[in-house]
Amino acid sequence: MLSRRDWLTGSAGAIGGAVLAGVPGLADSQDAPAAPLTPPADPTKVAGAPTSDLGGRSPFETPHRAPTGEITGSSLTPLERLTGQITPADLHFERHHAGIPFIDPAAHALLIHGLVERPMQFSMEELKRFPQVTRTHFVECAGNGRNAYRAPKPEMTAQKVSGMLSNTEWTGVPLTTVLREAGVKPEASWFLAEGGDACMMTRSVPIEKAWDDALLVWAQNGEPLRPAQGYPLRLLLPGWEGNINVKWLRRIELGTAPWMTRWETSKYTDPLPNGTARRFSFELDAKSIITTPSHPDRLIEKGWRPISGLAWSGRGRITRVEVSTDGGTSWYEAELLAPATSKAAVRFQYMWQWNGGATRLLSRATDETGYVQPTRAALVAARGLGTDYHFNQIVGWDVATDGAVTFFGESA
Amino acid sequence: MNPVRSLLAIAGMVIVSGCSDGAASRDATGTRPARFAEYDAGTVPGGPGVGQPFGLGRSAAASQIAAWDTDVGPDGRTLPAGRGTVAEGATLYSAQCQQCHGAKGEGMAPAYPALIGRPPEAEGFVFAKDPKLVHTIGNYWSHATTLFDYIKRAMPLTAPGSLTDSQVYALTAYLLAANEVLPDSATLDAASLRAVKMPYADRFVADDRRGGAEIK
């Protein structure tokens, strides 16, 4: 039997044949090898590996999420390892409140009841018979960036700073289409979305979001949702804080007032300096982060290189991203590598010629409402250091004369 | 047209698979095909008639709704029968909760939040000034009904849904008493839980961020 090591060390090509198809583990890049990699000196002179049932990453590419190891915890997307704008499904960040449920899609149903003319339930097969839409939207945890806001450290990576941000092509059906089957009564003004996980996650949503752009999605990036992203069905509320995009969705109840669930009262509320706290603070304001270069990169040579990163806004399209290569004294408009679309992350790039000197790289995003990503000082003034969510301050990277790149975030 | 139907028509979001004139029906961002109004008007070939649903899905039985609809909102209207005392709740807490939340409800950061505590420095809803101030049920939570709803649906972490309604009342009573919201002699049932007012319920405000130039 061909071992994983045999293939990874290049001897598989000499064996050839179909034996590799279906070998467990080979397709799973997440348990990538610790073994030394010794590809053949000249790959053009050795037969290549055969086809396989699942395509894994090159053993030279080993991106990993960073899990906290708790069933109520999170696992962060390695932003610095990604290019383009779409987050691979297996690297989409996770944040669960009672673990990932194991759900049989044939047994899963969505119940719609409350202030409706006809209480209804829909199987997954029935949901897939509605006209479908495919949209690209980011999902970001409302707590993304908290560590960098409160206690920035030079050794932080982009994954650590902002890894609860992912961007995905979702496929599903507009919530309006499905609600029409049940007939929403005119007096309905909120709905409750409930998940089928072990905490039956619940969030209250203003009905206007359903009429605007809410989706029921069952696919990400061309395949069914991953279990960690809500398989078989999740609510997708574009631009709104991650928690309210209820995964493993099984129930929608129409009502006239919010339910005041644990997640929208004791959590996901924003203390303010005037002794109050915002609740139902759904939208994620414009934000950006440079992902290349970033810690722990080390610049080896002077000269041209792209400064590249991601920008996004929960209020619409990103209209501009600016980059500073001198710590914020001057700002230059970056190129957007694809047309920016509403409530989706866009990749930006600014070509920079490093002269070998020490400097500081920053980025700031502007969205179509005219909102400009703020400094941390401006956010602290508006919300205080102890506020709990929605951290979108300008951050960046310090470059030393030896080429070392370390995280920069303003501190008190 | 009733108000809901008007809104549905405005929402305009559905695309027809198989039709190919997408460019003409897209909005300025190029991302949102405006077809729902066409469905609603019954003008899409192969679509449903005027104002008609697709006829997919099935009626939900009252028994299924009753089995799943266990939420308790702030009006407490759906609180079930049952009752529990602070003392009963204290015993339950020791047996089923303190392993994660601590003997004194101090929690275990970051996964298991603090539940109990009214330290003077954290009174007055001053959390914005210092991230070290610990949010507890007594100094932060806005509705006592939330405790009942959450414990019933989600706790204990390893056996959710295993508590009886009376046990949930007892734990709610214990946690409210430990947070100086109820006396140690309290008994909770639906009526008495509905009557509980949390100390800082009036501190929560609507989101006033609207995008644009202002940083809020």
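Visitor: Which residues make up the overall build of chain B, and what are the values?
Guide: In terms of helices and strands, chain B carries ten helices and four strands. Element order for chain B, N to C, with α for helix and β for strand: α-α-α-β-α-β-α-α-α-α-α-β-α-β. Counting contacts in chain B only where the partners sit at least 6 residues apart, residues at least 24 apart contribute 54% of the total.

Visitor: Outline the environment of A:Asp197, listing residues and values.
Guide: Residue and element names in this part refer to chain A. Summarising the element assignment, aspartate 197 is placed in the loop between strand E8 (190-195) and strand E9 (202-206). The exposure class assigned to aspartate 197 is buried, which follows from the 21 C-beta atoms found within 10 Å. With residues up to four places along the chain from it excluded, the contact list for aspartate 197 reads Ala98, Gly99, Pro101, Lys247 and Trp248.

Visitor: Provide a residue-level description of the sheet that holds strand E20 (residues 335-336) of chain A, including the pertinent values.
Guide: Residues and elements named next belong to chain A. In space, the four strands of this open sheet follow the order E16-E17-E21-E20, with antiparallel pairing throughout. Of all strands in the sheet, those bounded by a partner on one side alone are strand E16 (287-292) and E20. Of the strand pairs in this sheet, E16 and strand E17 (residues 303-312) are connected by five bridges, and their pairing is antiparallel. By the bridge assignment, isoleucine 289 is partnered in E17 with leucine 310.

Visitor: How would you sum up the packing of helix H5 (residues 86-96) of chain B against helix H9 (residues 165-178) of chain B? Please name residues and give values.
Guide: Residue and element names in this part refer to chain B. Where H5 meets H9, the axes come as close as 7 Å, and the angle between the chain directions of the two elements is 95 degrees. With respect to their mutual orientation, H5 and H9 come out roughly perpendicular. Every residue of H9 that contacts H5 at Val86, Glu88, Gly89, Ala90, Leu92 and Tyr93 is listed here: Gln167, Ala170, Leu171, Ala173, Tyr174 and Ala177. A class-by-class count of the residues in the contact of H5 with H9 yields nine nonpolar, two polar and one charged.

Visitor: Break down the nonpolar core for me, citing the residues and quoting the values.
Guide: All names here are of chain A. Ranked by size, the top nonpolar core spans 53 residues in total, and within it Leu110, Phe191, Leu215 and Leu216 carry the most contacts. Counting residues per element, this core draws most heavily on strand E10 (residues 215-220), at five residues. One finds Ala286, Leu310, Tyr350 and Phe408 within the second-largest nonpolar core, a separate group that totals 46 residues.

Visitor: Report on the pairing of strand E18 (residues 318-324) of chain A, specifying residues and quantitative values.
Guide: Residues and elements named next belong to chain A. Of all seven residues making up E18, five are buried, and the element is well covered by its neighbours. Sheet topology places E18 next to strand E22 (residues 359-367); six bridges connect them, and they run antiparallel. Pairing of isoleucine 318 across the sheet is with aspartate 367, part of E22. Note: E18 against strand E19 (residues 332-333), two bridges, orientation antiparallel. Residue valine 323 lies in a different strand from E19, and its bridge partner there is tyrosine 332.

Visitor: How would you summarise the pairing of strand E6 (residues 133-140) of chain A if you had to cite specific residues and measurements?
Guide: Residues and elements named next belong to chain A. Across the eight residues that make up E6, a large majority, seven, are buried. Here eight bridges tie E6 to strand E7 (residues 165-174), and the two strands are oriented antiparallel to one another. Each residue of the ladder has a partner; that of valine 139, found in E7, is serine 166.

Visitor: Could you give an account of the interface of chain A and chain B, naming the residues involved and the relevant values?
Guide: If you look at the interface, chain A gives 72 residues, while chain B gives 63 residues. Looking at the side of chain A that touches chain B, its residues break down into 29 nonpolar, 22 polar and 21 charged. The pairing of strand E15 (residues 277-279) of chain A with strand E4 (residues 204-206) of chain B spans three bridges and is parallel. Across the sheet, the residue bridging to A:Ala277 is B:Phe204, located in E4(B).

About the cut-offs
- Residues numbered from 1 in each chain as written.
- Chains lettered and ligands numbered in written order.
- Predicted model: local features only at pLDDT ≥ 70, side-chain atom pairs only at ≥ 80, totals over all residues.
- Helix = DSSP H or I, 4+ residues; strand = E, 2+ residues; numbered from the N terminus.
- Contact = placed C-beta atoms within 7 Å.
- Buried ≥ 20, exposed ≤ 12 C-beta atoms within 10 Å, placed from the backbone.
- Pairing = 2+ DSSP bridges.
- Axes fitted to C-alpha atoms, helices over the stretch in contact; angles between N-to-C directions.
- Parallel < 35°, antiparallel > 145°, perpendicular 65-115°, else oblique.
- Nonpolar A, V, L, I, M, F, W, Y, C, P; charged D, E, K, R; others polar.
- Core = buried A, V, L, I, M, F, W, Y, C linked by C-beta atoms within 7 Å.

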